[in-house]
There are 2 protein chains.
Amino acid sequence: MREIPLRDVHITDAFWTARQTLMTDVTIPYMERILRDMVPDAEPSHALQNFRIACGEEQGAFHGMIFQDSDVAKWLESAAYSLALKPDAELRRRVDEVVALIGRCQQPDGYLNTYFTVKEPENRWKNLLECHELYCAGHMLEAAAALHETAGMDGLLEVAVRLADHICDRFEREEGIPGHQEIEIGLLRLYRATGRARYRDMALRFLNLRGQDPDWFARHTPAHPGVHYGGYDISPEDTVYNQSDVPVRAQTRARGHAVRQLYMLTAMADAAYETGDTGMLEACERVFENITGTQMYVTGAVGASAYHESFTVPYDLPDSRGYGETCASVAMAFFARQMLKNRADGQYADLLELELYNAVLAGMQLDGCRFFYVNPLQLDLRLAGRVPGYEHVLPRRPGWYRCACCPPNLARLIASLGAYLWAEDADTVYCHLLIGSEAMTSHGRIRLDSGYPWEGRAEVTVTDGGTFTLAVHIPAHAQTCVFTVNGERVVPEEKNGYGYLWRVWQPGDRLGITFDMPVRRIYADPRVRDCAGRVALARGPLVYCLEDADHAVPVLSIVLPGQAEVQPCREIPGLPSEWVGLRTEGLAEETDGPLYGTQPPVRTPCRVTAIPYFAWANRQLGNMTVWIRETDTGHT
Amino acid sequence: MREIPLRDVHITDAFWTARQTLMTDVTIPYMERILRDMVPDAEPSHALQNFRIACGEEQGAFHGMIFQDSDVAKWLESAAYSLALKPDAELRRRVDEVVALIGRCQQPDGYLNTYFTVKEPENRWKNLLECHELYCAGHMLEAAAALHETAGMDGLLEVAVRLADHICDRFEREEGIPGHQEIEIGLLRLYRATGRARYRDMALRFLNLRGQDPDWFARHTPAHPGVHYGGYDISPEDTVYNQSDVPVRAQTRARGHAVRQLYMLTAMADAAYETGDTGMLEACERVFENITGTQMYVTGAVGASAYHESFTVPYDLPDSRGYGETCASVAMAFFARQMLKNRADGQYADLLELELYNAVLAGMQLDGCRFFYVNPLQLDLRLAGRVPGYEHVLPRRPGWYRCACCPPNLARLIASLGAYLWAEDADTVYCHLLIGSEAMTSHGRIRLDSGYPWEGRAEVTVTDGGTFTLAVHIPAHAQTCVFTVNGERVVPEEKNGYGYLWRVWQPGDRLGITFDMPVRRIYADPRVRDCAGRVALARGPLVYCLEDADHAVPVLSIVLPGQAEVQPCREIPGLPSEWVGLRTEGLAEETDGPLYGTQPPVRTPCRVTAIPYFAWANRQLGNMTVWIRETDTGHT
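Residues numbered from 1 in each chain as written. Chains lettered and ligands numbered in written order. Predicted model: local features only at pLDDT ≥ 70, side-chain atom pairs only at ≥ 80, totals over all residues. Heavy atoms only, no water.

(A) The arrangement of the overall build of chain A in detail. The secondary structure content of chain A amounts to 15 helices and 24 strands. Its C-alpha radius of gyration of 25 Å places chain A within 12% of the 26 Å reference for a compact globule of 636 residues. Put simply, chain A has 636 residues, and 66% of those count as buried. Entry remark: accessible area of chain A is about 21300 Å², with carbon and sulfur atoms responsible for 49%. (Helix = DSSP H or I, 4+ residues; strand = E, 2+ residues; numbered from the N terminus. Rg over C-alpha atoms; globule rule 2.2 N^0.38 Å. Buried < 20%, exposed > 50% of the residue type's maximum accessible area, 1.4 Å probe, protein only. Areas by Shrake-Rupley, 256 points an atom, 1.4 Å probe, with all protein chains shown as cover.)

See below:
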């Protein structure tokens, strides 16, 4: 199977076109202004300044996180996708300028990292646990591959090849384990961009070494005062934190730092695709099942613990003080994409859909300029950001972060979304997501029109005709899916969440897919303590939430009768009029008695409006909840 | 109103006699062995060794917390009460020995503190914020007063007078604010023991200075590296932590470190009693209302946040990761006792009862040798002590703590319980608690026999007769209370939770009090998030809980039908056979589906047994919960 690459896919879908336009016109330019220290309200990034200092064009000290370079790389990668979406000569010119600046910082031996070049040239490669040199390099390689693939710009590719060769020269000989996985992803992408197997093999070596010697970091981490990630120390003994306690093929559960875990899985799934390594793929499948079966929020958010931004234990998914880093959901999408390259399996496409429409999108303000790092499923204004244990939970998206990993991760995912939609193998074209788009396949142009996420209908038009199978993902929530060809009912073969239809397609043939999108009441395994006795509302791919903005009563006091009918509605104040909300009658619980009494709280009928979760915290400051207490009438 | 002092009260009640015997025979001797470093499994206390080093009788370094001396003082205070309960010539001798040792450590100017004498004599009184010199002194004064009042032993009183004079000499002249309130309590007790107004006035000065100048600590706290309380730093700027931001009479809410807050309130209520200061008393009343109305667990536990062992915001009472330090509940009992000296008001007696039978008692193993510092209302074995945010929650009581404040606090409260029961003024004898006891009042001997806490009946026998009013507290949970005199129904005047009966009592007259003790379903204000949709079960003064030990299903999966009848029962395996448990039929919820699905969990009938909360964690290791999810049939 091969993905239809970004340059051959054009998104036409109203919903995602709007998000992508936001990326090209607002978010990516905003990120650039941040990197150039031009946003008055944001703390200066210093990221580009560090490069100017590193090549001697400016005087000064290094500023920012030890991985500040990666912000520039992730912006370049985003800019590459932006250029694919919307040609922009001025942006090309500025990208070239930045690439040239980076090139001037590269050391004669290929080394590239402004922190060490400016501050500690003698300590290069001495502390892989904490120093993120391989992490920054991985992002640089990704950016180089993206500029090459989607914008035909090869300046950074030359830098990346020199950098990758430098890394290979060093780590083909001696042992090295990346403290934060990412280089593996970058090397695999660079391998595909250049065809040079050395980079693939270096990625495999990094993966294969990991966990073979659990004491490796303890033996190879020098004392290095001053290098901390955002305030906490990483102990070389904490091998669970970066998943280096167990060899990659023996991994069974998601543990430790969520983004590290998921970047590793992304690389493992990609490596399995490139090599056919079934042991590697089976480990990915096991951990995927562990995450989605025990450690994921209903929105797709993962990494429930603020402590070390980490996975925790099964069913520990606190709703108002969870973490659910935006980057972790972006990484879940990366991981699902790589799994889909290995096998068209609906569980991966469903997860991708869940992340995109919910946890990922919630990370960004509707205006494209403000971002959540932390994504709670309940916002309790009395607690968020105020009470110990809730310090990390914010009621509004800030404009930028000192540790700015999330905004560019969102940007590079959304801007490159086209690459996630289509794939093909010898005789089948796969459509993984019902996102309106046109793809240029080996069977010619194929178009998908979709009413998603608001309506359960899509239509695939085969422009040029041909004899092949169309395989369309049927979302797991679509209980009754009707397929038609040119309006006539057909029954495709259904397998692993895809409908397969072989046919001699005539030019202009239309494959219609329609399904109901009833409002769903979702129940969690009752071992998820904060969800017991509660429901979440969903419709189609969207999980919904309640916000104070739409209610006359405090949303955290609302109880839903088990049998109340919940209806779709439009025209929610403050949101685009075509967006579908949900409406029902609920009960607000309150007491005018003492803190504890023998009378149950009094319930007063109230109107209830739910909005898509991704749109929360875009209107007035208020409480929010995804999970709603339910009265018992729905129960058996 | 005056309390009937400990020496004039004899507890006869089966329930509390057993607890007190545990104190005299097990807990207080165990504490002594701890202080003497004689318990093999416990970390050495060094507390008595520090004194031997301070007076030059042994070589070595100071060990332990900076307030390690207070462990000795609290043991001496407990031993004083033990001697009142049970004469013991050997214990008297050992107390005398320890008192003499303390005396030899006292400096010529009256100063007494082994940490500073041994380690930093030049830094005496330089850091009131962190160094606990006044705190330790307060406990020494309490111990001296206790030995004087209850055991007629005045050796420590002489030491205490010299120490108190030294403190007065210093702090009558210069300003000083205690970093941890306690000296105020000690000075007021010493004032009563000696009649010397200077000590009362010094206590008032400490209270009155507090909060007048919120920057006082910031200006008067030198850098003093190495002095930390159990791992976290106290900032001199965090004036809320020790309630020094607002003058005492302007306090409205409980904030900051719970024990500091409650020791301050205890001293304030005592000071109001001694001086008639209505502004002081009104502040106590306001904060009492704030605590009991918004910040207290249903068991009486307070100080919900592990961060700084502190009060938090209204209704933030997490059940499985709360704090609820045993000392804070002991201090709630202290506070309630002092409020009762000011006014016979049922709300204070009810609180005292709640604390004694629930939060306080839960702090101790039934064997008297193991203790909880932290008292959660739910124990989730997957999380407790394992997952970040739950580090402080233990599933079993440990034998001792490095910071050993709680065990001796429990001991001194339980051993001196007699002093909490009776009071009198000109023409009324008050009975605050229905605990079987005999009191020697100015109207002769009065006896109370009680079936409490298992049965709702009590009988007061007036041994000698006389013309006076008997005022008996009617517990708030007793909805229908019937009074009789010698078996004939009488109707007392009910006022503020007390039944008042004036009468010419004949010798042997019996006042009977009977009331139903139905099982109560208790509902919390739904703003207490972890209690919404849940009930707690209670009967009489006892709050109940479910433990895995009594169940075939995991207790955290149990749901109670709203209308299921809950019946008292006896003979719970592993608990004394006369103790009353509760039994009903419930439903266990589980799912065999995915983490999230559209089917509600399946419910299977199960037998449910509840035990008194104070008895939890005395049998097998398991989950526990006070709050139980309830199906909705009980709701209107």
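(B) View of the relation of the copies chain A and chain B. Least-squares fitting of chain A to chain B yields an RMSD of 0.0 Å, with the superposition described by an axial translation of 0.0 Å and a rotation of 180 degrees. Accordingly, the operation relating the two chain copies is best matched by a two-fold axis. In terms of proximity to the rotation axis, the leading residue of chain A is Asp632 of chain A, whose C-alpha is 2.8 Å off the axis. Counting the interface residues of chain A, we find that 100% of their copies in chain B are interface residues as well, pointing to one common contact surface. (Least-squares fit on C-alpha atoms with pLDDT ≥ 70 in both. Contact = heavy atoms within 4.5 Å.)

(C) Structural view of the side chain of Glu355 of chain A. Residues and elements named next belong to chain A. Within the element layout of this structure, Glu355 appears in helix H14 (residues 346-362). As a buried residue without a salt bridge, Glu355 has its nearest oppositely charged side chain in Arg520, at a separation of 14 Å. With near-sequence residues (within four places) excluded, Glu355 lies in contact with Met296, Gly300, Ala301, Ser329, Met332, Ala333, Val360 and Leu361. (Lys, Arg positive; Asp, Glu negative; His and termini not counted. Salt bridge = Lys/Arg side-chain N within 4 Å of Asp/Glu carboxyl O.)

(D) View of the nonpolar core. Core analysis: the largest hydrophobic core is formed by 240 residues, its most contacted members being Leu76, Trp422 and Leu511 of chain A. A total of 12 residues in this core trace back to one element, the largest contributor, which is helix H6 (residues 133-151) of chain A. Not counting the four nearest positions on each side in its chain, Leu76 of chain A is found in contact with Val95, Val98, Val99, Ile102, Ala143, Leu147 and Leu156 of chain A. Judged by nonpolar contacts, the second largest core, of 239 residues, contains Ala42, Trp216, Cys327 and Ile513 of chain B. (Core = buried A, V, L, I, M, F, W, Y, C linked by side-chain atoms within 4.5 Å.)

(E) Molecular detail of unusual backbone geometry. All names here are of chain A. Here Tyr452 and Pro453 are connected by a cis peptide whose omega angle stands at -5 degrees. Its location among the elements puts Pro453 in the loop between strand E7 (444-450) and strand E8 (457-462). Despite not being glycine, Asn486 has its phi angle at roughly 50 degrees, a positive value. Tracing the backbone through its elements, the reader meets Asn486 in the loop between strand E10 (481-485) and strand E11 (488-490).

(F) Seen up close, the sheet that holds strand E8 (residues 457-462) of chain B. All names here are of chain B. Strand order in the open sheet formed by 7 strands is E2-E6-E7-E8-E14-E10-E11, with antiparallel pairing between adjacent strands. Because the sheet does not close on itself, it has two edges, and the strands there are strand E2 (9-11) and strand E11 (488-490). Geometrically, the sheet is characterised by an average inter-axis angle of 20 degrees between neighbouring strands, direction not taken into account. Here 5 bridges tie strand E7 (residues 444-450) to E8, and the two strands are oriented antiparallel to one another. (Pairing = 2+ DSSP bridges. Axes fitted to C-alpha atoms, helices over the stretch in contact; angles between N-to-C directions.)

(G) Spatial organisation of the packing of aromatic side chains. Under the defined criterion, the tally for this structure stands at 56 aromatic pairs over all chains. For the ring pair Phe15 of chain A and Trp579 of chain A, a centre distance of 6.2 Å and an interplane angle of 45 degrees mean the geometry is tilted. You can see Phe15 of chain A sitting in helix H1 (residues 14-35) and its partner Trp579 of chain A sitting in the loop between strand E19 (567-569) and strand E20 (581-590), a full 564 residues away along the chain. Note on Phe288 of chain A and Tyr348 of chain A: the rings are 4.7 Å apart at their centroids and 80 degrees apart in plane angle, and the pair reads as edge-to-face. Here Tyr348 of chain A lies in helix H14 and Phe288 of chain A lies in helix H12 (residues 278-295), a separation of 60 residues in the sequence. Accessibility assignment for this pair places Phe288 of chain A and Tyr348 of chain A in one class, buried. Among the aromatic side chains, those forming a connected cluster through ring pairs are Phe15, Trp16, Tyr357, Tyr452, Trp454, Phe515, Trp579 and Phe614 of chain A. Taking NZ or CZ as reference, Arg503 of chain A lies 5.8 Å from the ring centre of Trp505 of chain A, over its face. Between the NZ or CZ atom of Arg200 of chain B and the centre of the ring of Tyr191 of chain B, over which it lies, the distance is 5.2 Å. (Phe/Tyr/Trp six-rings, centres within 6.5 Å; stacked < 30°, edge-to-face > 60°. Lys NZ or Arg CZ within 6 Å of the ring centre and 35° of its normal.)

(H) Just the environment of Tyr357 of chain A, in detail. Residue and element names in this part refer to chain A. Along the chain, Tyr357 falls in helix H14. Remark: the alpha-carbon pair of Tyr357 and Leu542, spanning 185 residues in sequence, is separated by 6.1 Å. Every residue in contact with Tyr357, bar those within four places of it in the chain, is listed here: Phe15, Trp16, Ile435, Tyr452, Pro453, Pro541, Leu542 and Phe614. Reaching out from Tyr357, the side chain makes a polar contact with the side chain of Trp16 at a distance of 3.1 Å. (Polar contact = N/O pair within 3.5 Å; in protein donor to acceptor, adjacent residues only side chain to side chain.)

(I) Spatial organisation of the pairing of E20 of chain A. All names here are of chain A. Of all the 10 residues making up E20, 7 are buried; the element is thus mostly covered by neighbouring parts of the structure. Where strand E18 (residues 558-560) lies against E20, 2 bridges are found, and the strand directions are antiparallel. Counterpart to Ile558 in the pairing with E20 is Ala588. Alignment of E20 against strand E22 (residues 602-612), held across 9 bridges, turns out to be antiparallel.

(J) How the structure looks around the sheet that holds E7 of chain A. All names here are of chain A. Taking strand neighbours across the sheet as the criterion, the 7 strands line up as E2-E6-E7-E8-E14-E10-E11 in an open arrangement whose pairing is antiparallel. In the strand order of this sheet, the two ends are held by strand E2 (9-11) and E11, each with one partner. Going across the sheet, the axis of each strand differs from the next one's by a mean of 20 degrees, ignoring polarity. Direction of pairing for E2 relative to strand E6 (residues 437-441): antiparallel, over a ladder of 3 bridges. Bridge pairing in E6 places Val9 opposite Ala439.

(K) Spotlight on the pattern of salt bridges. Evaluated as defined, the whole model comprises 84 salt bridges over all chains. Put simply, Arg93 of chain A and Glu97 of chain A hold a salt bridge, and the shortest N to O gap is 2.5 Å. Taken together, the residues Arg93 of chain A and Glu97 of chain A, both in helix H4 (residues 89-105) and 4 residues apart, mark about one turn of the helix. For Arg93 of chain A, a relative accessible area of 39% gives the class partly exposed. Given a relative accessible area of 41%, Glu97 of chain A falls into the partly exposed group. With its nearest N and O atoms 3.5 Å apart, the salt bridge here joins Arg445 of chain B to Glu438 of chain B. With a relative accessible area of 34%, Arg445 of chain B lands in the partly exposed category. When salt bridges that share partners are traced, they join Glu77, Glu142, Glu149, Arg189 and Arg412 of chain A into one network.

(L) Fine view of helix H4 (residues 89-105) of chain B. Residues and elements named next belong to chain B. Under the 1.5 Å per step criterion, the end-to-end length of H4 is 25 Å for 17 residues, consistent within 8% with the ideal 24 Å. Taken residue by residue, H4 has Leu91, Val95, Val98, Val99, Leu101, Ile102 and Cys105 as its buried positions. Looking straight down H4, one finds its buried side chains confined to an arc of 155 degrees; they lie on one side. Residue Asp88 occupies the N-cap position of H4, its side-chain oxygen lying 3.1 Å from the main-chain nitrogen of Glu90. (Expected span 1.5 Å × (residues − 1). Arc of directions from axis to C-beta.)

(M) View of the interface of chain A and chain B. The interface is formed by 56 residues belonging to chain A together with 56 residues belonging to chain B. By the criterion of area lost to chain B, the three top residues of chain A are Arg529, Leu595 and Tyr596 of chain A, representing 19% of everything that side buries. The tally of links between chain A and chain B comes to 2 salt bridges. Viewed at the interface, chain B and chain A are joined by 18 residue pairs in polar contact (both at pLDDT 80 or more). Going through the elements one at a time, H12, strand E15 (519-524), E20 and strand E21 (596-597) of chain A are the ones with two or more residues in the side of chain A that touches chain B. The biggest single contributor to the side of chain A that touches chain B is E15 of chain A, with 5 residues. Taken together, the residues of the side of chain A that touches chain B sort by class into 23 nonpolar, 17 polar and 16 charged. The pairing of E21 of chain A with strand E15 (residues 519-524) of chain B spans 2 bridges and is classified as antiparallel. Within the sheet, the bridge partner assigned to Tyr596 of chain A lies in E15 of chain B and is Ala524 of chain B. (Buried area = accessible area lost by both parts, 1.4 Å probe. Nonpolar A, V, L, I, M, F, W, Y, C, P; charged D, E, K, R; others polar.)

(N) Here's a closer look at the environment of Arg170 of chain B. Its place among the elements puts Arg170 of chain B in helix H7 (residues 155-171). Taking the C-alpha atoms as reference points, Arg170 of chain B and Gln212 of chain B, 42 residues apart in sequence, are found 19 Å from one another.

(O) Quick look at the side chain of Asn409 of chain A. All names here are of chain A. Along the chain, Asn409 falls in helix H15 (residues 406-415). A relative accessible area of 0% means that Asn409 is categorised as buried. Only 2.6 Å separates the side chain of Asn409 from the side chain of Arg412, close enough to count as a polar contact. Contact partners of Asn409, with chain neighbours within four places excluded, come to Lys74, Tyr263, Cys327, Val330 and Phe334.

(P) Spotlight on the packing of H1 of chain A against H14 of chain A. Residues and elements named next belong to chain A. Packing of H1 against H14 leaves a shortest axis separation of 13 Å and a crossing angle of 30 degrees. Relative to H14, the element H1 is oriented roughly parallel. Along this stretch, H1 crosses H14, giving a crossing that reads as left-handed. Seen from H1, the contacting residues are Phe15, Trp16 and Arg19; seen from H14, they are Leu356, Tyr357 and Leu361. A per-class count over the contact of H1 with H14 returns 5 nonpolar, no polar and 1 charged. (Parallel < 35°, antiparallel > 145°, perpendicular 65-115°, else oblique. Left-handed = near helix turned anticlockwise from the far one by under 90°.)

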